[in-house]
Structures are given as structure tokens and as C-alpha cells.
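Observations on the three-dimensional arrangement
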Amino acid sequence: MTARKVDRGDTEVGCPVRRDADGGWTITGYPAGRALLRESATVQAGLGVETVDKMPASIRRPVLYRDGPEHREHRRQTARFFTPRRVDSYRGLMEHVADEQIARLRAAGTVDLADLSFKLAIDVTAAVIGLTESRPGIQRRLERFFPEKFGRPGFTSVNGIYWLFRQIANWSRIYFGDVRPAVRARRTERRDDLISHLLDEGCKNTEILGECLTFAAAGMVTTREFVVLVAWHMFTDDALRRKYLAAAEPERLGILHEIIRLEPVIGQLRRRTTAEVVLPGAVVPKDAVVRVQLCTANLDPDVAGAEPLDLCPGRDMPDGGLSFGDGAHKCPGSHVAIMETDIFLSKLLAVEGIQMVSRPRVTFKEDIATYELRGMRVSIAA
């Protein structure tokens with residue numbers, strides 16, 4: 001039996017590090033996965049890095065696609081936007097946005113929860129980035145950029161060409177509707193946000209667009225899914241829901257960390273080795289592509305303890321396991337995501353008469369190893 005809502009297949013760690021038939025490597029064990037993600041002799045692979053590598057060398061890559069000293073310096077300089085004290089300063093904004101979304105639910109009667117959670121994530125992440133001068137329609141522009149079904153880029157097929165031109169159009173909409181207005185405002189007067197920092201570093205507008213889209217994917221899209229997933233657990237487990245609503249904030253956050261350990265939004269991260277890497281139980285050669293199966297590593301009984309497929313708040317395991325990654329590329333916004341999820345859901349689930357009308361439809365985006373939940377409708381009973 002499993003408490004998981006999203007079936008991702010393999011739940012057994014088995015051999016924690018193995019060589020695959022395609023020449024790549026797969027890690028399913030927690031210690032080996034954490035060691036690989038912390039290894040300095042690796043660089044990003046997957047998440048579209050192959051496409052980014054084709055960009056002219058004169059264009060600065062978004063932080064997600066950089067490694068080494070340049071990446072470490074960028075993370076050091078931007079860490080102030082994600083410290084616990086700074087995240088706590090966003091609390092008022094999160095409360096306000098959560099109240100707005102619940103008011104939308106009350107007015108409509110029944111809504112798709114993914115719509116509310118996306119607006120929540122957009123408003124919070126936009127404040128951190130500095131996308132605060134957007135023209136109306138940012139949610140629609142982002143939905144077009146991150147569609148339910150991804151095409152494949154390239155000039156080898158009609159579909160590939162269509163995908164390319166469609167994405168160029170989507171980039172343009174976000175640039176003119178969201179990024180350029182924010183940049184113009186901050187060229188006149190700097191603020192304490194990411195876009196102002198990038199301007200101080202001498203970034204071009206197109207480079208700022210790349211960073212904004214990277215943060216949009218990391219901070220908006222993934223949080224949207226996590227909010228729906230947690231609500232799904234709460235609506236189908238009365239005891240868990242009662243425990244969550246009765247708990248103080250630290251205990252509520254612990255419940256959320258346990259849920260994301262069990263069901264990480266991103267199920268796999270990939271790295272390419274730049275030198276021979278020694279891991280617990282294996283030696284991985286140079287230039288190997290290594291897949292770290294987060295959704296399996298988080299179930300490693302040597303770390304998670306007994307019954308790793310159960311949902312057990314208070315489990316003695318690092319917050320969320322490897323769900324937010326680890327090492328140099330660990331998600332800087334993990335505290336933001338957990339806090340905004342808690343603020344929104346603690347309000348939503350406390351609404352008298354709130355109920356789930358339909359369960360979500362589960363699909364997968366294999367390109368980025370994540371799940372997508374749509375069609376979960378909630379309403380307030382009369």
C-alpha cells in the first residue's frame with residue numbers, strides 16, 4: 001500500500017547506483033543521490049540545457065544553466081532574497097493574495113483549484129523577482145508559455161517549426177507585457193529585488209527575460225502543482241486535515257515537508273560528470289549523464305525509516321528529502337513555496353463548507369520529469 005496520489009512506478013531503491021543500457025547512470029539511493037548533487041565535478045544536464053548550450057557565448061545563461069565559480073557567486077549575491085527573515089517579510093503579501101483567491105472562490109461558487117494556486121504562485125514569485133509592472137493578463141501569458149503539452153523544437157518537422165515560432169511569440173508576449181515594463185521602472189529607480197540586482201550586474205533585457213522565465217518555471221509552475229497535491233491529500237484524509245488545521249505553523253510546515261518528500265513535484269534531476277566521481281557503492285566515469293531519481297531516493301528506508309510509502313508527519317528526515325534538490329543548485333525558493341502553500345491552504349481548508357467536487361486529472365511532463373494536476377474543482381457547500 002502507498003499513500004501516494006501520483007503513481008510514478010518504481011518505488012524500490014534496489015541497486016542504489018546502476019549503469020543503464022543506454023550508457024547513462026541512474027541513482028535511486030538517498031546517500032548516493034545527495035552526494036552526486038553536491039559533487040563539484042558535475043554540470044547541469046536536462047531541463048533544456050542542450051538548447052541553452054546552443055546560444056551564442058556572448059549571451060549570459062540563466063543561473064539554472066551555470067555551474068562553477070560564476071554560479072556560486074551569483075547564488076551568494078542573490079541569497080538575501082531567500083533568507084528566512086526575507087521570506088517572512090513576504091507573509092503579508094501571501095496573506096493578501098490568499099484572501100483574494102478565497103474571495104474568488106466565494107464569488108464563483110466552484111473553481112478549478114489549479115487556477116487559484118497558479119494566481120497565488122504568480123503574485124508571490126513576481127514580487128520576489130520584481131515583475132510588478134505587468135500589463136493585465138500575466139497568467140494567460142504564462143499558461144501559453146508553459147502549456148499542458150510540450151511540443152519538440154527543431155526544423156525537422158512541421159510540428160517542430162510550429163513549436164519554435166509559437167515559443168518565440170510567447171517569449172515576446174512575456175517580454176513586452178511583463179519584463180520590459182519592470183526593467184524600465186527599475187532603470188529609473190532601483191528596488192530591492194532580483195531585476196534590480198541583474199541590472200546592477202549589467203545584464204541585457206533579453207538576459208533578464210531568461211532569468212525571469214527560469215524563476216517562473218521554478219517558483220510558479222511547481223508551486224501550482226504542489227498546492228493542488230496537498231489539497232488532494234487533505235480532502236481525502238479527514239484525520240490529516242484535522243491535524244493540519246489544529247496544528248501550529250511549525251507542525252503544519254512539517255506536514256507539508258513530509259508530503260513533498262513522498263511526492264516531489266520534480267521526480268528526476270540530471271547531471272553530467274566533468275571528472276571521475278566516487279559515490280557510495282560506485283565510481284562514475286567522466287562525461288557520464290547521471291539521473292537522480294528523487295521520487296525513489298526519498299523512499300530509501302535507510303534514511304526515511306520504516307514504511308517510507310506512508311505519510312508520516314514528524315519523520316526523522318531532512319526537510320522534504322531531496323525534493324528541492326541539493327548542493328549548488330538546490331532550489332533557493334523552497335521556503336517561499338512551503339510558506340505560501342501553508343498560508344493559502346490553512347485559510348482555504350478552514351472555510352466552512354469547503355469540499356472537493358472532482359479529483360484532479362494526472363498527467364506527466366516527461367521533458368521536465370514532473371506531474372501536472374488539472375480539473376480538481378472545489379466548492380463551498382450551501
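None of these values were measured; they are calculated from a predicted model.

A few points about the overall build of the chain
Along the chain, the regular secondary structure elements total 15 helices and 12 strands. Computed over its C-alpha atoms, the radius of gyration of the chain comes to 21 Å, within 12% of the 21 Å expected for a compact globule of 382 residues. Looking at the chain residue by residue over its 382 residues, the buried ones come to 51%. When contacts within the chain are restricted to residue pairs at least 6 apart in sequence, those whose partners lie at least 24 apart make up 72%. When the accessible surface of the chain is totalled, it reaches about 17400 Å², and 53% of it is carbon and sulfur. Each charge sign in the chain was given a centre, from 55 positive and 51 negative side chains, and these centres are 6 Å apart.

Quick word on the pattern of salt bridges
Within the structure shown, the criterion is met by 28 salt bridges. Residue Arg18 pairs with Asp20 through a salt bridge whose shortest N-O separation is 3.7 Å. Arg18 gets classed as partly exposed once you look at its relative accessible area, which sits at 32%. For Glu258, the salt bridge identified is with Arg315, shortest N-O distance 3.1 Å. Taken together, the positions of Glu258 in helix α12 (residues 249-262) and Arg315 in the loop between α14 (301-304) and α15 (334-348) put the pair 57 residues apart, joining distant regions of the chain. Judged by its relative accessible area of 14%, Arg315 falls in the buried class. Via salt bridges that share partners, Arg18, Asp20, Asp22 and Arg291 belong to a single interconnected network.

Focus on the sheet that holds strand β3 (residues 42-45)
The strand order β1-β2-β8-β5-β3 describes an open sheet built from five strands, whose pairing is mixed. Looking at the sheet topology across the chains shown, the edges are occupied by β1 (17-19) and β3. The sheet shows a mean angle of 30 degrees between the axes of neighbouring strands, direction not considered. Strands β1, β2 (25-27), β3, β5 (268-273) and β8 (289-293) of the sheet are contacted by helix α1 (residues 30-38), whose axis makes an angle of about 130 degrees with β8.

Let's talk about α15
Spanning 15 residues, α15 covers 21 Å between terminal C-alpha atoms, matching the ideal 21 Å at 1.5 Å per step. Most of α15 is tucked away, with 12 of its 15 residues classed as buried. Taken together, the buried positions of α15 are occupied by Ser334, Val336, Ala337, Ile338, Met339, Glu340, Thr341, Asp342, Ile343, Phe344, Leu345 and Leu348.

Here we look at unusual backbone geometry
Although it is not a glycine, Asp287 adopts a positive phi angle of roughly 65 degrees. Along the chain, Asp287 falls in the loop between β7 (282-284) and β8. The phi angle at Glu307 is positive, at roughly 50 degrees, despite the residue not being glycine. Tracing the chain through its elements places Glu307 in the loop between α14 and α15.

Topic: the side chain of Asp178
Position of Asp178 relative to the elements: it lies in helix α8 (residues 158-188). A distance of 2.7 Å separates a polar atom in the side chain of Asp178 from a polar atom in the side chain of Arg141. Not counting the four nearest positions on each side in its chain, Asp178 is found in contact with Leu131, Ser134, Arg135, Ile138, Arg141 and Arg173.

Quick notes on the sheet that holds strand β9 (residues 354-358)
Read across the sheet, three strands follow the order β4-β12-β9 without closing on themselves; strand pairing throughout is antiparallel. The open sheet has two free edges, formed respectively by β4 (110-112) and β9, since each of these has just one partner strand. Across the sheet, the axes of successive neighbouring strands diverge by a mean angle of 30 degrees, strand direction being ignored. Its contacts with the sheet put helix α5 (residues 91-108) on β4, β9 and β12 (377-380), and the angle it makes with β4 is roughly 130 degrees.

Some remarks on a nonpolar patch on the surface
Together, Phe165, Ile168 and Trp171 make up an exposed nonpolar region whose accessible area comes to about 290 Å². Inspection of the secondary structure assignment puts Trp171 in helix α8.

Cut-offs used in this document
- Residues numbered from 1 in each chain as written.
- Predicted model: local features only at pLDDT ≥ 70, side-chain atom pairs only at ≥ 80, totals over all residues.
- Heavy atoms only, no water.
- Helix = DSSP H or I, 4+ residues; strand = E, 2+ residues; numbered from the N terminus.
- Rg over C-alpha atoms; globule rule 2.2 N^0.38 Å.
- Buried < 20%, exposed > 50% of the residue type's maximum accessible area, 1.4 Å probe, protein only.
- Contact = heavy atoms within 4.5 Å.
- Areas by Shrake-Rupley, 256 points an atom, 1.4 Å probe, with all protein chains shown as cover.
- Lys, Arg positive; Asp, Glu negative; His and termini not counted.
- Charge placed at Lys NZ, Arg CZ, Asp CG, Glu CD.
- Salt bridge = Lys/Arg side-chain N within 4 Å of Asp/Glu carboxyl O.
- Pairing = 2+ DSSP bridges.
- Axes fitted to C-alpha atoms, helices over the stretch in contact; angles between N-to-C directions.
- Expected span 1.5 Å × (residues − 1).
- Polar contact = N/O pair within 3.5 Å; in protein donor to acceptor, adjacent residues only side chain to side chain.
- Patch = residues over 30% accessible without salt bridge, like charges linked within 9 Å, V, L, I, M, F, W, Y side chains within 5 Å.

Spatial relationships are all this shows, so hold off on functional conclusions.
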